[in-house]
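Architecture and fold: a report
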Amino acid sequence: MVKCDVEGCSNDANKVSRLSPEGFLVGTGNKAYSFREAYKRFSYCAECHDGLMKSVWSRVSDSGDKSDDHVAPTAI
């Protein structure tokens, strides 16, 4: 079974996401013609995935500075 991609977590992964453990979409750098080919996939256990999604939601719903260059998780 595949392990969770979050550093320090040794649980088995049961979810796949295109959000990195830092909560950003990550491109592979290849010229790609579809979303499926364009972004790296990460594996997460349910606990780490839930924590990641809470973190992403907090960041996009916060009214603070949004001037960084990261693609919004809501851009999907």
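Details of the structure are given in the entry above.
Every value quoted in this text rests on a predicted model; they were computed, and no experiment measured them.

Structural notes on the overall build of the protein
Within the protein, the regular secondary structure consists of two helices and two strands. For the protein, the N- to C-terminal ordering of α and β elements is β-α-β-α. A total of 76 residues make up the protein; the buried ones form 24% of that total. Taking all contacts inside the protein whose residues are at least 6 apart in sequence as the whole, residues at least 24 apart take part in 54%. Taken as a whole, the protein presents about 5,600 Å² of accessible surface, with 49% of it coming from carbon and sulfur.

What to know about the pattern of salt bridges
When the charged atoms of two side chains lie near each other, side chains of opposite charge can form a pair. One pass over the structure, following the stated rule, counts one salt bridge. Of the charged contacts, one joins Asp12 and Lys3 as a salt bridge, the two residues approaching to 2.9 Å between their closest N and O atoms.

Here we look at the nonpolar core
Residues Cys4, Cys9, Leu19, Leu25, Phe42, Tyr44, Cys45, Cys48, Leu52 and Val56 constitute the largest nonpolar core, which totals ten residues. Of all elements in the fold, only β2 (42-44) and α2 (46-61) reach the threshold of two or more residues within this core. The element contributing the most residues to this core is α2, with three residues. Look past the residues within four positions of Tyr44 in its chain and what remains in contact with it is Cys4, Val6, Ala13, Asn14, Lys15, Ser17, Leu19, Ser20, Pro21, His49 and Leu52.

Side note on the side chain of Ser43
With respect to the helices and strands, Ser43 occurs in strand β2. Classification of Ser43 by relative accessible area gives buried; the value is 16%. Apart from residues lying up to four places away in sequence, Ser43 is in contact with Val2, Lys3, Cys4, Asp5, Ala13, Lys15 and Val16.

About the criteria used
- Residues numbered from 1 in each chain as written.
- Predicted model: local features only at pLDDT ≥ 70, side-chain atom pairs only at ≥ 80, totals over all residues.
- Heavy atoms only, no water.
- Helix = DSSP H or I, 4+ residues; strand = E, 2+ residues; numbered from the N terminus.
- Buried < 20%, exposed > 50% of the residue type's maximum accessible area, 1.4 Å probe, protein only.
- Contact = heavy atoms within 4.5 Å.
- Areas by Shrake-Rupley, 256 points an atom, 1.4 Å probe, with all protein chains shown as cover.
- Salt bridge = Lys/Arg side-chain N within 4 Å of Asp/Glu carboxyl O.
- Core = buried A, V, L, I, M, F, W, Y, C linked by side-chain atoms within 4.5 Å.

That's the geometry; what it means functionally is another story.
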